[in-house]
Amino acid sequence: MSHTIGVRQSQKLRTRQALLDAALGLLEHQSLSSLGLREVTRAAGLTPTAFYRHFDDTAALGVALVEEALGSLHGMIGAVLAETGDSEERLGRGVELILRHVGEQPAHFRFIAREQHGGVGPVREAIAAQLRLFAQEVAAAVAGEPQSRGWSEEDLLMLGGLYVDLMVITASALLDAGPGGEQGVARVARRRLRLINLGRLHWLDDTGDAGTS
């Protein structure tokens, strides 16, 4: 009996993945808001009934694609941030990790870039939630560093958001760069990272609005 259950579960996972892969292929040429579930099931070689066993609608499928594209990055970026050493070097390795991940999964990141401000609300919200989580994770990682002494929680989160924004911009630039453009994108990303880090070092120099709500 357990073997039968295991086979069924494995088949269920394969069917779900087939739907995700088919949708991702179709989304290379159209937006999620124009995607029909019959298109997806036809491309996956499945029936519409099979679709509803896994997703309520195409918006739910889109949310699953967001999790597939960004969810796995949390552990990898967390591991980089947890390393010892200079924070600029660690964050630089984080940017390099993004570059590598985009290079390995360009279709996923083209989907994210297109739908981040697209017409499907649940997917926009899912992307925004993932990016907020990244910002919180980065903020927590840098909070204990000497450069962050005296920073408010709000300012740390703002800093985390700047680093995440850089990663998003870098991913989009890499998608636009095409073959052979990776080094140029990486160079610009490192320069932008250095600019953020220089600003970080002097954030509390002027009382101004820094560290206040």
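Residues numbered from 1 in each chain as written. Predicted model: local features only at pLDDT ≥ 70, side-chain atom pairs only at ≥ 80, totals over all residues. Heavy atoms only, no water.

**Concerning helix α8 (residues 153-177)**
Okay, so step 1: Across its 25 residues, α8 extends 36 Å between first and last C-alpha, which sits within 8% of the 36 Å expected from 1.5 Å per residue.
Okay, so step 2: Listed in full, the buried residues belonging to α8 are Asp155, Leu156, Leu159, Gly160, Gly161, Tyr163, Val164, Leu166, Met167, Thr170, Ala171 and Leu174.
Okay, so step 3: The inward-facing, buried residues of α8 abut α4 (58-81), α5 (87-104), α7 (121-142) and α9 (182-201).
Okay, so step 4: Phi turns positive, to about 75°, at Gly178, one or two residues after α8. (Helix = DSSP H or I, 4+ residues; strand = E, 2+ residues; numbered from the N terminus. Expected span 1.5 Å × (residues − 1). Buried < 20%, exposed > 50% of the residue type's maximum accessible area, 1.4 Å probe, protein only. Contact = heavy atoms within 4.5 Å.)

**Things to note about a positive patch on the surface**
Okay, so step 1: Taken together, Arg187, Arg190, Arg191 and Arg194 make up a surface patch of like positive charges.
Okay, so step 2: Position of Arg187 relative to the elements: it lies in helix α9. (Patch = residues over 30% accessible without salt bridge, like charges linked within 9 Å, V, L, I, M, F, W, Y side chains within 5 Å. Areas by Shrake-Rupley, 256 points an atom, 1.4 Å probe, with all protein chains shown as cover. Salt bridge = Lys/Arg side-chain N within 4 Å of Asp/Glu carboxyl O. Lys, Arg positive; Asp, Glu negative; His and termini not counted. Charge placed at Lys NZ, Arg CZ, Asp CG, Glu CD.)

**Observations regarding the packing of α4 against α7**
Okay, so step 1: Between α4 and α7, whose axes approach to 9 Å, the crossing angle comes to 10°. Between α4 and α7, the angle is such that the two are roughly parallel. Between α4 and α7, the contacting residues are Ala59, Gly62, Val63, Val66, Glu67, Leu70, Gly71, Leu73, His74, Ile77 and Leu81 on the first element and Pro122, Val123, Ala126, Ile127, Gln130, Leu133, Phe134, Glu137, Val138 and Ala141 on the second.
Okay, so step 2: Of the residues that constitute the contact of α4 with α7, the class distribution is 15 nonpolar, 4 polar and 2 charged. (Axes fitted to C-alpha atoms, helices over the stretch in contact; angles between N-to-C directions. Parallel < 35°, antiparallel > 145°, perpendicular 65-115°, else oblique. Nonpolar A, V, L, I, M, F, W, Y, C, P; charged D, E, K, R; others polar.)

**Details of the packing of aromatic side chains**
Okay, so step 1: What the rule picks out here adds up to 3 aromatic pairs.
Okay, so step 2: Residues Phe51 and Tyr52 carry aromatic rings whose centres are separated by 5.7 Å and whose planes lie at 85° to one another, so their mutual orientation is edge-to-face.
Okay, so step 3: With a centroid separation of 5.7 Å and an interplanar angle of 50°, the aromatic rings of Phe51 and Phe55 are classed as tilted.
Okay, so step 4: You can call Phe55 buried: its relative accessible area is 5%.
Okay, so step 5: Three or more aromatic residues joined by ring pairs make a cluster, and in this case those are Phe51, Tyr52 and Phe55. (Phe/Tyr/Trp six-rings, centres within 6.5 Å; stacked < 30°, edge-to-face > 60°.)

**A look at the pattern of salt bridges**
Okay, so step 1: Under the defined criterion, the tally for this structure stands at 2 salt bridges.
Okay, so step 2: Between Arg110 and Glu28 there is a salt bridge, with the nearest N and O atoms lying 2.9 Å from each other. In this pair, Arg110 is assigned in helix α6 (residues 106-115) and Glu28 in the loop between α1 (2-26) and α2 (37-44), connecting sequence segments 82 residues apart.
Okay, so step 3: With a relative accessible area of 29%, Glu28 lands in the partly exposed category.
Okay, so step 4: Note that Arg200 and Glu145 form a salt bridge whose closest N and O atoms lie 2.6 Å from each other. Of the two residues, Arg200 sits in helix α9 while Glu145 sits in the loop between α7 and α8, which places them 55 residues apart along the sequence.

**Observations regarding the side chain of Gln130**
Okay, so step 1: For Gln130, the position within the fold is in helix α7.
Okay, so step 2: Exposure remark for Gln130: the relative accessible area of 14% places this residue in the buried category.
Okay, so step 3: Other than its neighbours up to four places away in sequence, Gln130 contacts Val66, Glu67, Leu70, Gly71 and His74.

**Quick notes on the environment of Val120**
Okay, so step 1: In this fold, Val120 is placed in the loop between α6 and α7.
Okay, so step 2: For Val120, a relative accessible area of 11% corresponds to the buried category.
Okay, so step 3: Filtering out sequence-adjacent residues up to four positions away, Val120 remains in contact with Leu32, Ser33 and Ala59.

**Things to note about α7**
A turn of α-helix holds 3.6 residues, and therefore any two residues three or four places apart point the same way.
Okay, so step 1: With 22 residues, α7 extends 32 Å between its outermost C-alpha atoms, agreeing within 8% with the 32 Å of an ideal straight helix rising 1.5 Å per residue.
Okay, so step 2: Among all positions in α7, only Gly121, Val123, Ala126, Ile127, Gln130, Leu131, Phe134, Ala135, Val138, Ala139 and Val142 are buried.
Okay, so step 3: Looking at the buried positions of α7, the neighbouring elements they touch are α4, α5, α6, α8 and α9.

**Some words on the nonpolar core**
Okay, so step 1: Core analysis: the largest hydrophobic core is formed by 57 residues, its most contacted members being Leu61, Leu65, Val66, Leu70, Leu73, Ile77 and Phe111.
Okay, so step 2: The set of elements that each furnish at least two residues to this core consists of α1, α2, α4, α5, α6, α7, α8 and α9.
Okay, so step 3: Among the elements that make up this core, the one with the highest residue count is α4 (11 residues).
Okay, so step 4: When near neighbours in sequence (up to four residues on either side) are disregarded, Leu70 contacts Phe109, Ile112, Gln130 and Phe134. (Core = buried A, V, L, I, M, F, W, Y, C linked by side-chain atoms within 4.5 Å.)

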